[in-house]
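Listed below are the residues making up each chain.
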Amino acid sequence: MNWNLAEAITYYRSQGTDQTTLVNLLKEIQQESGGSIPLFTLPQIAESFGVKENFLLALIRRMPSLRLGDTHTLLICAGPNCSKHRAIAEAALKLESKKLSVSFVPCMRLCGKGPNIKWDGKLYHQATPQLLEKLMKESGI
Ligand code: FES
């Protein structure tokens, strides 16, 4: 089963809005993201917990066990339908760098809308190499 940011936020939010719960959520995000908390997760967490992003940044800096990352993430559906569009995977692998983590994930269950990708947690349908380049530029990579 794939870990899902929105589901994790929903779960922890249901446990309360205290700082301990928030730190536990951040630790899980860090663990599931390969050792650092991706920047793109902060707005969603802040909104769900009713706090400012600056509060989250201060909390992360204050906790030695938490680390803020600066890497963007690209998840590419490797399901049977989306993987027919090899140009996406080939383009993504050429773009992979210290600032962009590329991973292939099982079918996203939106096969009719493929090829599907997730860029920093946001889902895009009918992805093209041009879309990847646009997302890279918008992210300053
Ligand atoms: S194959 Fe990509 S969503 Fe199913």
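**Student:** How should the pairing of strand E2 (residues 100-105) be read in this particular structure?
**Tutor:** On any regular strand, side chains alternate: one points to one face of the sheet, the next to the other face. Of the strand pairs in this sheet, strand E1 (residues 72-77) and E2 are connected by six bridges, and their pairing is parallel. Of the residues in E2, the one forming a bridge with cysteine 77 is valine 105. Crossover connection from E1 via helix H5 (residues 86-95) to parallel E2: handedness right-handed.

**Student:** Any chance you could explain the domain arrangement of the protein chain here in plain terms?
**Tutor:** Bring the parts together and some accessible area is lost; that lost area is often taken as the interface size. According to the domain assignment, the protein chain contains domain 1 (5-62) and domain 2 (72-138). Using only C-alpha atoms to locate each centre, domain 1 and domain 2 end up separated by 25 Å.

**Student:** Just checking my understanding: could you explain the packing of helix H1 (residues 5-15) against helix H2 (residues 19-32) for this structure?
**Tutor:** Packed helices, taken two at a time, are described by the angle between their axes plus the distance between the axes. Direction vectors running N to C along H1 and H2 enclose 160°, while the axes themselves pass 9 Å from each other. Accordingly, the angle class assigned to the pair H1 and H2 is roughly antiparallel. Note on packing geometry: the crossing formed by H1 with H2 is right-handed. Contact residues: Leu5, Ala8, Ile9, Tyr12 and Gln15 in H1; Thr21, Asn24, Leu25, Glu28 and Ile29 in H2.

**Student:** I tried to follow unusual backbone geometry on my own but got confused; where do I start?
**Tutor:** The phi angle of most residues is negative, glycine excepted, and most peptide bonds adopt the trans form. Put simply, glycine 114 and proline 115 share a cis peptide bond, and its omega is 0°. Structurally, the position occupied by proline 115 is in the loop between E2 and strand E3 (117-119). One non-glycine residue with positive phi stands out, namely arginine 109, at about 65°. Inspection of the secondary structure assignment puts arginine 109 in the loop between E2 and E3. For arginine 109, a relative accessible area of 75% translates into the label exposed. Phi at glutamine 126 takes a positive value of approximately 45°, unusual for a residue other than glycine. Position of glutamine 126 among the secondary structure elements: in the loop between strand E4 (122-124) and helix H6 (129-138). We classify glutamine 126 as exposed; its relative accessible area is 58%.

**Student:** How should the sheet that holds E4 be read in this particular structure?
**Tutor:** Whether parallel or antiparallel, the strands of a sheet pair through hydrogen bonds between backbone atoms. Spatial strand order, E2-E1-E3-E4: four strands in an open sheet with mixed pairing. Of all the strands in the sheet, just E2 and E4 have a single pairing partner and so form its edges. Between one strand axis and the next, the sheet turns by 20° as a mean value, whatever way the strands run. Taken together, the three bridges between E1 and E3 define a ladder with antiparallel strand orientation. Note on E3: the bridge partner recorded for leucine 74 is tryptophan 119.

Conventions adopted
- Residues numbered from 1 in each chain as written.
- Predicted model: local features only at pLDDT ≥ 70, side-chain atom pairs only at ≥ 80, totals over all residues.
- Heavy atoms only, no water.
- Pairing = 2+ DSSP bridges.
- Helix = DSSP H or I, 4+ residues; strand = E, 2+ residues; numbered from the N terminus.
- Right-handed = clockwise from strand over helix to strand, strands pointing away.
- Domains from an automatic or database assignment.
- Axes fitted to C-alpha atoms, helices over the stretch in contact; angles between N-to-C directions.
- Parallel < 35°, antiparallel > 145°, perpendicular 65-115°, else oblique.
- Left-handed = near helix turned anticlockwise from the far one by under 90°.
- Contact = heavy atoms within 4.5 Å.
- Buried < 20%, exposed > 50% of the residue type's maximum accessible area, 1.4 Å probe, protein only.

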